[in-house]
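Observations on the model geometry
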Amino acid sequence: MRGIVSYDAMETIRNTNEWMGATAKAMGSYPMFALIPHPAFHLLSAWGRVTERSFSRMVLKPDWELPPIIGDDGQDHVVYVEPVMRRAFGDLIHFRVARREPLPRKVLLVAPMSGHYATLMRSTVTSLLNDCELYVTDWHNARDIPVSEGKFDVEDYTQYLVDFIRHLGPDVNVIAVCQPAPLALAATAILAEEDPKAQPRTLTLIGGPVDPDAAATEVTDFGNRITMGELEHLAIQSVGFKYRGAGRMVYPGLAQLSSFISMNMETHSKAFMNQIFAEARGTATEADKHNKFYDEYLAVMDMTAEFYLSTVERIFKNLEIAKNRFSVEGRPVDIGKITDVAVMTVEGANDDISAPGQCVAALDLCTGVPAEKKVQHLEPGAGHYGIFAGKSWRLNIRPLVLDFIDDNAALPDSVKPKRRRKPGGTEADCGLSDPLESGKMAV
C-alpha cells in the first residue's frame, strides 16, 4: 500500500497543479478585469495557460501527427499508422504511405523505453519516411497494463525485438537509438545462432550504452553509486487505482520527469518564465518552439519495475553485454556469433547521456563480423538528442546511415538509390543551434 499511496500522491500533486492552472487562466481572463489596466491579470492568465498545458501533458500520449509525404508526382501522400504485431507491452507499427509502392529500404527503428513514448522519435520518423519503408517499436505505458499480463524485463524486451525482426524478414535494417542498442545487439546475436536466415541485413546503433564503463557520465556514476536495494526503495512504486495496471510495480513517469528536469533546472526554469511572458504579451502561439518541445518532453510513461531494475543491474552494473555474458531464459547469448550482419555505430562528441566510447564498443564485441562490414562515426559538436533528431542527424548522420544501408543492400547497383554523401565530408553545419538538439532528453 505504501507504493500505491506514493504513486497517488504524485498524481494528486500533478492534478492539483493542472486544476490551479486552469483556475488561474479562467480568473485572469474574466471580462470584468479587462477594465482594470494592470499587467498582473495578464500574467495570471498567462501563468495559468502555461501551467495547465504543462501538467495536463504529463498523462497524455502524444499523437504521431506526421505530415503528408510529397511524392515525385507532386501529390501529397497521407501517412497511416498501422499496427503489424500487437503485444501486451509494445506493438510493432508500420507507417504506410498511401498510394505509394513499398520501398526497397525496409527499416525497423527501435525506439527507447526510458520514460518517453516512441513519439519522441517523430522527427526521426519524418526524416526517414521519404526514403524508407518504416517500422517502429511502440512501447506501452506500464500503468495501463494489467498485472495479469505478467512481468517485462530486459530479457522479455530482447525477445520482443527477436520476434519483431523475424517477422519483418532478413531484408530489414535495424536502427536502435540509445537504451535499446545493447539489447538490439543481443537480439541480433540470438537470431544469428538460432535462425540465421532471419537476421537483419544491417544493424545501426546510435548513442547506446553497450559498454557503460567505457566513458563515465552522470548516468553511469549514479548506477555505480547506488545499491539495487536503495534503488528499489527510492524509485519503485505501485500503480494507483486510477489506472488499469493498478498494483503493478513501476518506475513512475512523473518520478523520471523530475529527475530529467533536475539535470538542467536552470534552463527549464528560464524556458518556462520566457513562455509565461510571451503568453502575457500575446506573442506565444500553439505551435511555437516551446510548446513543440515540451508537449513531447513532459509526456512521460511508467516503466515496469523489473525492466528498470534489470537494466541498471545487468547492463550498467554487471556489464553483461559489455562482457558478452548476457543470457535470455538461461541460454547464453554470444555476440561473436554475428557474422553476416553489417554493424554501424554513431556517437555524439558532446553526448552527456551515453558518452563517446560506450556505443562503439559494440564493434569490438562483434568478433565474427569482417572489418569491412564495421563502420563507426563520431559526430563533432553533437549532443545526445542531436545525433538522432537534431541538426546533426538531418545534415550528416542520416545520409551516412542511409548510405551504409545501401552499401550492404542485396540489390543490383542499377536499382540502388543514389548515394548521398561520403563519410568524412564537411561537418561545419553541425552546431547546436537547433533548440531541440540542445535539450536534455534522457533516452
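Conventions and cut-offs
- Residues numbered from 1 in each chain as written.
- Predicted model: local features only at pLDDT ≥ 70, side-chain atom pairs only at ≥ 80, totals over all residues.
- Heavy atoms only, no water.
- Pairing = 2+ DSSP bridges.
- Helix = DSSP H or I, 4+ residues; strand = E, 2+ residues; numbered from the N terminus.
- Buried < 20%, exposed > 50% of the residue type's maximum accessible area, 1.4 Å probe, protein only.
- Disulfide = S-S within 2.5 Å.
- Axes fitted to C-alpha atoms, helices over the stretch in contact; angles between N-to-C directions.
- Expected span 1.5 Å × (residues − 1).
- Bend = angle between axes of the 7 residues up to and from the residue.
- Contact = heavy atoms within 4.5 Å.
- Phe/Tyr/Trp six-rings, centres within 6.5 Å; stacked < 30°, edge-to-face > 60°.
- Patch = residues over 30% accessible without salt bridge, like charges linked within 9 Å, V, L, I, M, F, W, Y side chains within 5 Å.
- Areas by Shrake-Rupley, 256 points an atom, 1.4 Å probe, with all protein chains shown as cover.
- Salt bridge = Lys/Arg side-chain N within 4 Å of Asp/Glu carboxyl O.
- UniProt positions renumbered as here; feature names shortened; annotations may be inferred.
- Polar contact = N/O pair within 3.5 Å; in protein donor to acceptor, adjacent residues only side chain to side chain.
- Parallel < 35°, antiparallel > 145°, perpendicular 65-115°, else oblique.
- Left-handed = near helix turned anticlockwise from the far one by under 90°.
- Nonpolar A, V, L, I, M, F, W, Y, C, P; charged D, E, K, R; others polar.

The name given to the protein chain in an unreviewed UniProt entry is Polyhydroxyalkanoate depolymerase, and the organism recorded there is Paracoccus liaowanqingii.

**What about the sheet that holds strand 9 (residues 237-238)?**
Within a sheet, adjacent strands bond to each other through the backbone by hydrogen bonds, running parallel or antiparallel. Overall, antiparallel pairing links the three strands, which are arranged 9-10-11 in an open sheet. Two strands close off the open sheet at either side, each with one partner strand: strand 9 and strand 11 (303-304). In this structure, strand 9 lies alongside strand 10 (residues 249-251), joined through two bridges in antiparallel fashion. Looking at the pairing, glutamine 237 lines up with valine 250 of strand 10.

**Overview of the pairing of strand 4 (residues 90-97)**
Within strand 4, seven of the eight residues are buried, which leaves the element mostly enclosed by the surrounding structure. When strand 3 (residues 79-85) meets strand 4, the two strands line up antiparallel, connected through six bridges. From the neighbouring strand, valine 79 faces strand 4, where its bridge partner is valine 97. In sequence, strand 3 turns back onto strand 4 through a hairpin of four residues.

**Topic: the state of the cysteines**
Tallying each qualifying case throughout the model produces zero disulfides. For cysteine 132, which is in no disulfide, the shortest distance to another cysteine sulfur is to cysteine 359 and amounts to 19 Å. Cysteine 359 supplies the cysteine sulfur nearest to cysteine 366, a cysteine that is in no disulfide, at a spacing of 11 Å.

**Let's talk about the sheet that holds strand 14 (residues 342-348)**
As summarised here, the arrangement of the eight strands in space is 3-4-6-5-7-8-14-15, forming an open sheet in which the pairing is mixed. Sheet topology places strand 3 and strand 15 (374-379) at the edges, where each strand pairs with a single neighbour. Taken pair by pair, the neighbouring strands of this sheet meet at an average axis angle of 20 degrees, ignoring direction. In terms of strand pairing, strand 5 (residues 106-110) meets strand 7 (residues 172-177) through five bridges, oriented parallel. Each bridged residue has a counterpart across the sheet, and for valine 107 the counterpart in strand 7 is asparagine 173.

**Here we look at the environment of arginine 394**
As for its position among the elements, arginine 394 is in helix 14 (residues 391-407). Separated by 271 residues in sequence, arginine 394 and serine 123 have C-alpha atoms that sit 9.3 Å apart.

**Observations concerning helix 14**
Over its 17 residues, helix 14 extends 24 Å from the first C-alpha to the last, a length consistent with the 24 Å expected when each residue adds 1.5 Å. Of all the bends in helix 14, the greatest reaches close to 45 degrees and is centred on isoleucine 397; the proline proline 399 follows between one and four positions later. Within helix 14, 13 of the 17 residues are buried, leaving the element largely enclosed by the surrounding structure.

**A few points about helix 10 (residues 289-297)**
Note: α-helices contain 3.6 residues per turn, so residues at a spacing of three or four share the same orientation. Every buried residue of helix 10 is listed here: His290, Asn291, Phe293, Tyr294, Glu296 and Tyr297. On its buried side, helix 10 packs onto helix 2 (39-57), helix 3 (122-129), helix 8 (253-262) and helix 9 (265-281).

**Regarding the packing of aromatic side chains**
If you walk through the whole model with that rule in mind, you get 17 aromatic pairs. With a centroid separation of 4.4 Å and an interplanar angle of 25 degrees, the aromatic rings of tryptophan 139 and tyrosine 157 are classed as stacked. On the criterion of sequence distance, the pair formed by tryptophan 139 in strand 6 (residues 133-139) and tyrosine 157 in helix 4 (residues 154-168) is long-range, its members being 18 residues apart. Accessibility expressed as a relative area gives 2% for tryptophan 139, which makes it buried.

**A closer look at a nonpolar patch on the surface**
Nonpolar side chains collect at one region of the surface, where Trp19, Met20, Met27, Leu44 and Trp47 lie side by side and expose about 500 Å² of accessible area between them. Sort the elements by how many residues they give to the nonpolar patch and helix 1 (residues 2-28) lands first, with three residues. When you line up the elements, leucine 44 lands in helix 2.

**Overview of the side chain of threonine 345**
Within the secondary structure, threonine 345 is located in strand 14. On the basis of relative accessible area, threonine 345 is assigned to the buried category, the value being 1%. For threonine 345, the contacting residues outside a window of four places in its chain are Leu205, Cys359, Val360, Ala362, Leu363, Val375, Gln376 and His377.

**Examining the UniProt feature "domain: PHB de-polymerase C-terminal" (unreviewed entry) in the protein chain**
Those places that UniProt annotates as "domain: PHB de-polymerase C-terminal" (unreviewed entry) correspond, in this numbering, to residues 207-408. Between the C-alpha atoms that bound residues 207-408 the distance is 22 Å, and the span itself is 45% helix and 12% strand.

**Description of the pattern of salt bridges**
For the structure on display, the rule yields 26 salt bridges. Lysine 106 is the salt-bridge partner of aspartate 171, the closest N and O atoms lying 3.3 Å from each other. Note that aspartate 171 is positioned in the loop between helix 4 and strand 7 and lysine 106 in strand 5, a separation of 65 residues in sequence. Among the residues examined, aspartate 171 registers a relative accessible area of 28% and is labelled partly exposed. Lysine 106 sits in the buried class, given a relative accessible area of 17%. A cluster of three or more residues bridged by salt bridges with shared partners is formed by Glu11, Arg14, Glu18 and Lys242.

**Looking at the environment of tryptophan 139**
As for tryptophan 139 and glutamine 275, which are separated by 136 residues in sequence, their C-alpha atoms are 31 Å apart. A distance of 2.8 Å separates a polar side-chain atom of tryptophan 139 from the backbone oxygen of alanine 111.

**Here we look at the packing of helix 2 against helix 9**
Two numbers describe how helix 2 lies on helix 9: the axes approach to 8 Å, and their chain directions differ by 125 degrees. Considered as vectors, helix 2 and helix 9 are oriented oblique to each other. The way helix 2 lies across helix 9 gives a crossing that is right-handed. Touching His42, Leu43, Ala46, Trp47, Arg49, Val50 and Ser54 of helix 2 are Phe272, Gln275, Ile276, Phe277, Glu279 and Ala280, all from helix 9.

**Brief notes about the packing of helix 7 (residues 228-235) against helix 11 (residues 305-317)**
One way to put it is that helix 7 packs onto helix 11 with a least axis distance of 10 Å and a crossing angle of 150 degrees. Considering the angle they form, helix 7 stands roughly antiparallel to helix 11. Crossing hand, helix 7 versus helix 11: right-handed. On the side of helix 7, the interface is formed by Met228, Leu231, Glu232 and Ala235, while helix 11 contributes Tyr308, Leu309, Val312, Glu313 and Lys317. Broken down by class, the residue content of the contact of helix 7 with helix 11 amounts to six nonpolar, no polar and three charged.

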